[in-house]
Amino acid sequence: MFDIGFSELIVIMIVALLVIGPKRLPEVAKALGKGWAEFRRALDSVKEELNVSSLETDVQKVRDAFQTGLDEDQTPSSTPAEETVVPPKADPQKK
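To keep things clear, this report deals only with the structure shown in the data block. (Residues numbered from 1 in each chain as written. Predicted model: local features only at pLDDT ≥ 70, side-chain atom pairs only at ≥ 80, totals over all residues. Heavy atoms only, no water.)

## A few points about the pattern of salt bridges
Tallied over the entire structure, the rule returns 1 salt bridge. The partner of E38 in a salt bridge is R41, with the nearest N and O atoms 3.2 Å apart. Placement of the pair is E38 and R41 together in helix α2 (residues 25-69), with a separation of 3 residues, close to one helical turn. On the accessibility criterion, E38 (46% relative accessible area) is partly exposed. Classification of R41 as exposed rests on a relative accessible area of 52%. (Salt bridge = Lys/Arg side-chain N within 4 Å of Asp/Glu carboxyl O. Helix = DSSP H or I, 4+ residues; strand = E, 2+ residues; numbered from the N terminus. Buried < 20%, exposed > 50% of the residue type's maximum accessible area, 1.4 Å probe, protein only.)

Next comes the structure, spelled out in structure tokens:
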């Protein structure tokens, strides 16, 4: 995710140990882990909410388009299906 190698991770850990100290380092690491987990949960919640609202909007657009495409006397089952007619290929063997 951050593209950090093993040597960079070791340097970060040594600096954290020197700055924070060996007694408070586990507490700080635990707090950072809890904060990161809460951030991920909130982010996932927002993503899911956006996906649901986007899906509802798409469904409503399809319904509106379908309803405007029908005449008043037509029902959904009586609408003609569009078919593409492809002409047969000429056989080069027959001449």
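Next comes the rest of the description.
## As for the packing of aromatic side chains
With the rule as written, the count across this model stands at 1 aromatic pair. Taking the centre distance of 5.7 Å and the plane angle of 35° together, the rings of W36 and F39 count as tilted. With W36 and F39 both in helix α2 and 3 residues apart, this pair spans about one turn of that helix. A relative accessible area of 39% means that W36 is categorised as partly exposed. Among the residues examined, F39 registers a relative accessible area of 47% and is labelled partly exposed. (Phe/Tyr/Trp six-rings, centres within 6.5 Å; stacked < 30°, edge-to-face > 60°.)

## Examining a nonpolar patch on the surface
A surface patch of nonpolar side chains, about 1100 Å² in accessible area, is lined by I4, F6, L9, I10, V11, I12, M13, I14, V15, L18 and V19. Considering the arrangement of structural elements, one finds M13 in helix α1 (residues 6-20). (Patch = residues over 30% accessible without salt bridge, like charges linked within 9 Å, V, L, I, M, F, W, Y side chains within 5 Å. Areas by Shrake-Rupley, 256 points an atom, 1.4 Å probe, with all protein chains shown as cover.)

## Things to note about the environment of E8
As for its position among the elements, E8 is in helix α1. One polar contact links the side chain of E8 to the main-chain amide nitrogen of G5, over a distance of 2.9 Å. (Polar contact = N/O pair within 3.5 Å; in protein donor to acceptor, adjacent residues only side chain to side chain.)

## Some points on α1
Helix length check: α1, at 15 residues, gives a terminal C-alpha distance of 21 Å against a target of 21 Å (1.5 Å per residue), a fit within 8%. At the exit of α1 stands G21, carrying a positive phi of roughly 100°. (Expected span 1.5 Å × (residues − 1).)

## What about a negative patch on the surface?
A cluster of acidic side chains, namely D44, E48, E49 and E56, defines a negative patch on the protein surface. Its place among the elements puts D44 in helix α2. Assessed through its relative accessible area of 41%, D44 is described here as partly exposed. (Lys, Arg positive; Asp, Glu negative; His and termini not counted. Charge placed at Lys NZ, Arg CZ, Asp CG, Glu CD.)

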